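Survey of secondary and tertiary structure
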Amino acid sequence: KIVALNTDCSGLWMFRVEQMLQVTVSLTSGRGASLSIPLASTVGDLKTMVQESLGKPFLRLITADERKLKPSEFLEAAGLQDGDQLTAIVGEAKLAATRYAFALWCCGGDRVLTWGNPGSGGDSSAVQ
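To start, this report covers the structure provided alongside it.

What counts as what
- Residues numbered from 1 in each chain as written.
- Predicted model: local features only at pLDDT ≥ 70, side-chain atom pairs only at ≥ 80, totals over all residues.
- Heavy atoms only, no water.
- Pairing = 2+ DSSP bridges.
- Helix = DSSP H or I, 4+ residues; strand = E, 2+ residues; numbered from the N terminus.
- Axes fitted to C-alpha atoms, helices over the stretch in contact; angles between N-to-C directions.
- Contact = heavy atoms within 4.5 Å.
- Buried < 20%, exposed > 50% of the residue type's maximum accessible area, 1.4 Å probe, protein only.

**Brief notes about the pairing of strand β6 (residues 85–90)**
The sheet contact formed by strand β3 (residues 20–27) and β6 spans four bridges and is parallel. Within β6, the position partnered with Leu27 by the bridge is Ala88.

Okay, structure coming up:
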């Protein structure tokens with residue numbers, strides 16, 4: 001992909017070539033999408049594209065050799081290559097509540113969202 005950058009006051013255009021990665025991501029139902037993403041992106045960026053393309057939140061991306069991809073990894077560091085096929089696993093959101101606080105998470109996920117009264121469980125910022 002060629003990206004145009006107008007960074008010169010003289011009106012000259014500068015260009016840079018951005019290497020793209022083509023991957024196919026499929027749900028277990030068989031529905032899928034072919035996506036093109038800059039190689040310098042993260043797995044989280046790819047996950048966002050997949051969620052938007054397939055209309056499914058709470059996804060985990062799994063490689064053909066059954067390795068779960070971490071959202072913070074760069075695509076190249078994760079070992080993804082042009083033409084790879086990934087599986088997207090949809091997680092079901094779970095909700096728990098106390099009288100004054102709530103928590104939302106997906107089994108097998110890597111995040112918990114909490115809100116409400118901090119003294120009743122609404123603040124999970126200290127949890128790692």
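**Examining the sheet that holds strand β5 (residues 59–62)**
Overall, mixed pairing links the four strands, which are arranged β4-β3-β6-β5 in an open sheet. Looking at strand neighbours, the two that pair on one side only are β4 (32–38) and β5, the edges of this open sheet. Neighbour-to-neighbour, the strand axes of the sheet open up by a mean angle of 35 degrees, direction not taken into account. Docked against the sheet, helix α1 (residues 43–54) engages β3, β4, β5 and β6, running at close to 145 degrees with respect to β4.

**Points about the pairing of β4**
With burial as the criterion, only one face of β4 is covered, namely that bearing Ala33, Leu35 and Ile37; the residues Gly32, Ser34, Ser36 and Pro38 on the opposite face remain uncovered. The pairing of β3 with β4 spans seven bridges and is classified as antiparallel. Looking at β4, one finds that Ser26 is bridged to Gly32. Here β3 folds back onto β4 in antiparallel fashion, the turn holding four residues, of which Gly30 has a positive phi close to 105 degrees.

**Quick look at the side chain of Thr42**
Within the secondary structure, Thr42 is located in the loop between β4 and α1. Its relative accessible area of 16% is what places Thr42 among the buried residues. Sequence-distant contacts of Thr42, defined by excluding residues within four places in its chain, comprise Pro71, Ser72, Glu73, Phe74 and Leu75.

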